[in-house]
Amino acid sequence: MSADILTLPHVRPLRRTCCAPDQRGLALWFARRRLRLMLARELLGAPDSALQDAGWTRAALRQEIAKPMWRG
């Protein structure tokens, strides 16, 4: 009686297909969140001249603050 040897196809590791980030991605998400919180806390109440000095318009600042943390 001879033994048949089965060869399995090469199994590749699964690709990341979901939105869950790795550790670097999480750190980036949290850094973006901290930045947007700081913008909301410090610049939203600032006068337009201070925003202009920082390179922001009020509309652009509100748009940036409203972004979710996973959007760059």
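Procedures and definitions
- Residues numbered from 1 in each chain as written.
- Predicted model: local features only at pLDDT ≥ 70, side-chain atom pairs only at ≥ 80, totals over all residues.
- Heavy atoms only, no water.
- Axes fitted to C-alpha atoms, helices over the stretch in contact; angles between N-to-C directions.
- Helix = DSSP H or I, 4+ residues; strand = E, 2+ residues; numbered from the N terminus.
- Parallel < 35°, antiparallel > 145°, perpendicular 65-115°, else oblique.
- Left-handed = near helix turned anticlockwise from the far one by under 90°.
- Contact = heavy atoms within 4.5 Å.
- Nonpolar A, V, L, I, M, F, W, Y, C, P; charged D, E, K, R; others polar.

### Re the packing of helix α1 (residues 23–43) against helix α3 (residues 58–66)
Part 1 of the reasoning: Following both chains from N to C, one finds α1 and α3 inclined at 140 degrees, their axes separated by 9 Å at the closest point. Compared by their axis directions, α1 and α3 come out oblique. Between α1 and α3 the crossing geometry is left-handed. Within the contact between the two elements, α1 uses Arg36, Leu39, Ala40 and Leu43 and α3 uses Arg58, Leu61, Glu64 and Ile65.
Part 2 of the reasoning: Residues that form the contact of α1 with α3 fall into these classes: five nonpolar, no polar and three charged.

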